Amino acid sequence: MNLNILVFPCGSEIALELHRSLKYSRHITLFGANSIDDHGKFIYENYIDNVPFYNSDNFLQKINEIVKKYNIDAIYPAMDSVIAKFSEISEKIDCKIIGSNDETNQICLSKLLTYKKLKNIVKCPKIFEINDIKLEDFPLFIKPKIGYGSRGATIVRSIEEIHNHLLNYPDSIITEFLPGAEFTIDCFTDRKGELKFYGPRKRNRISNGISVNTKIFNDDNEQIKNIVNKINKSIK
């Protein structure tokens, strides 16, 4: 059985990793689609261009046209906001969407929804309302509710800095500043919701919010294990 799998957008890091993982499978024919031409054009042999942006009015119509034309069996969304969009409109698309359910995707897209979901489950950063901030609360950290790659995220040391930042990023949240080492925890859960693997990595060097140098953290840390299991039981 051969499946036609569409990856969109096909130039993201997720899409390039999907290509490396699936390109040799004799059961899968990969298609890549993009709204703008990027590296995906050179990687995906079956390339589809001029797809409307995910937030365009004619996006759904165009995706269904592609599904029909190329007999697409399933779509792999390959960017955070696109993942959330596809799960939101999945019932209107004429093929399967690969990924988590819509509730999970919307929670993971929004930092605010993530904190609200987990605030009574694991320790989360304290969130401040601007009118309640005192001088002794600084420094604080401000970041857009929805975003990635540290865009619009910065340390603020005064109310004036907060107001100036909100001019450019009005839909932001203000949290306590958490200094110290930063870790990424890679997790893998099977289709039954059972956590099969978790692996902490210390983020040694970060560029544009993305870890470009990490080191496996091998310490048997029960605290990390407990946090991971609590999150896995709370979000499908």
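Look a little higher up for the structure.
This text gives an overview of the structure that appears in the document. What you are looking at is a predicted structure, and each value in this text was computed from that prediction instead of being measured. (Residues numbered from 1 in each chain as written. Predicted model: local features only at pLDDT ≥ 70, side-chain atom pairs only at ≥ 80, totals over all residues. Heavy atoms only, no water.)

1. As for the packing of aromatic side chains
Summed over the entire model, instances satisfying the criterion amount to 5 aromatic pairs. Taking 5.5 Å as the distance between ring centres and 55° as the angle between the ring planes, the aromatic pair formed by Phe31 and Tyr70 counts as tilted. With Phe31 in strand E2 (residues 28-33) and Tyr70 in the loop between helix H3 (59-69) and strand E4 (74-77), the pair connects residues that are 39 residues apart, well separated along the chain. Each residue in the set Phe8, Phe59 and Phe86 is aromatic and connected to the rest through ring pairs, giving one cluster. (Phe/Tyr/Trp six-rings, centres within 6.5 Å; stacked < 30°, edge-to-face > 60°. Helix = DSSP H or I, 4+ residues; strand = E, 2+ residues; numbered from the N terminus.)

2. A few points about helix H4 (residues 80-88)
When H4 is considered as a whole, its buried residues turn out to be Ser81, Val82, Ala84, Phe86 and Ser87. Packing partners of the buried residues in H4 comprise strand E1 (3-8), H3, E4, strand E5 (96-97) and helix H5 (102-109). (Buried < 20%, exposed > 50% of the residue type's maximum accessible area, 1.4 Å probe, protein only. Contact = heavy atoms within 4.5 Å.)

3. Quick word on the environment of Tyr70
Exposure remark for Tyr70: the relative accessible area of 26% places this residue in the partly exposed category. Between the C-alpha atom of Tyr70 and that of Phe31, which follows or precedes it by 39 residues, the distance is 8.7 Å. Apart from the residues within four sequence positions on either side, Tyr70 is in contact with Asn4, Phe31 and Ile48.

4. A few points about the sheet that holds strand E12 (residues 210-216)
Spatial strand order, E10-E11-E12: 3 strands in an open sheet with antiparallel pairing. Either end of the sheet is taken by a strand with one partner, and the two such strands are strand E10 (183-189) and E12. In this sheet, adjacent strand axes meet at a mean angle of 45° when their direction is disregarded. Inspection of the sheet shows strand E11 (residues 195-207) paired to E12 by 6 bridges, in the antiparallel sense. Along E12, the bridge assignment pairs Ser207 with Ile210. (Pairing = 2+ DSSP bridges. Axes fitted to C-alpha atoms, helices over the stretch in contact; angles between N-to-C directions.)

5. Looking at the nonpolar core
In this structure, Leu6, Val51, Ile63, Ile75, Phe86 and Ile93 are the most contacted members of the largest nonpolar core, which totals 18 residues. The dominant element in this core, judged by the number of residues it contributes, is H3, at 4 residues. Apart from the residues within four sequence positions on either side, Ile75 is in contact with Leu6, Ile63, Val67, Phe86, Ile93, Cys95, Lys96, Ile97 and Ile98. The next biggest cluster of nonpolar side chains, apart from the first, holds 11 residues, and it includes Cys10, Ala15, Tyr44 and Ala74. (Core = buried A, V, L, I, M, F, W, Y, C linked by side-chain atoms within 4.5 Å.)

6. Re the pairing of E1
Counting buried positions along E1 yields 5 of 6 residues, so the element is predominantly enclosed. As paired strands, E1 and E2 are joined by 5 bridges and run parallel to one another. Counted as the bridge partner of Ile5 is Leu30 from E2. As a crossover connection, the stretch from E1 through helix H1 (residues 13-22) into E2 is right-handed. As paired strands, E1 and E4 are joined by 4 bridges and run parallel to one another. In the sheet register, Leu6 faces E4, and the bridge partner there is Ile75. (Right-handed = clockwise from strand over helix to strand, strands pointing away.)

7. Some remarks on the pattern of salt bridges
Applying the stated criterion to the full structure yields 5 salt bridges. Note that Asp37 is salt-bridged to Lys41, the shortest N-O span being 3.6 Å. What makes Asp37 partly exposed here is its relative accessible area of 48%. Taking relative accessible area as the criterion, Lys41 reaches 40% and is therefore assigned partly exposed. Note that Arg201 and Asp186 form a salt bridge whose closest N and O atoms lie 2.6 Å from each other. Of this pair, Arg201 sits in strand E11 while Asp186 is found in strand E10, placing the two residues 15 residues apart along the sequence. (Salt bridge = Lys/Arg side-chain N within 4 Å of Asp/Glu carboxyl O.)

8. Looking at unusual backbone geometry
For the bond running from Phe8 to Pro9, omega is -10°, close enough to zero to count as cis. Counting through the fold element by element, Pro9 comes out in the loop between E1 and H1. Geometrically, the link from Phe138 to Pro139 is a cis peptide bond, its omega value of 0° lying close to zero. Mapped onto the elements, Pro139 comes out in the loop between strand E6 (127-128) and strand E7 (140-144). Of note, Asn50 is a non-glycine position whose phi angle comes to about 60°, a positive value.

It is worth stressing that arrangement in space is one thing and function is another; only the former is reported here.
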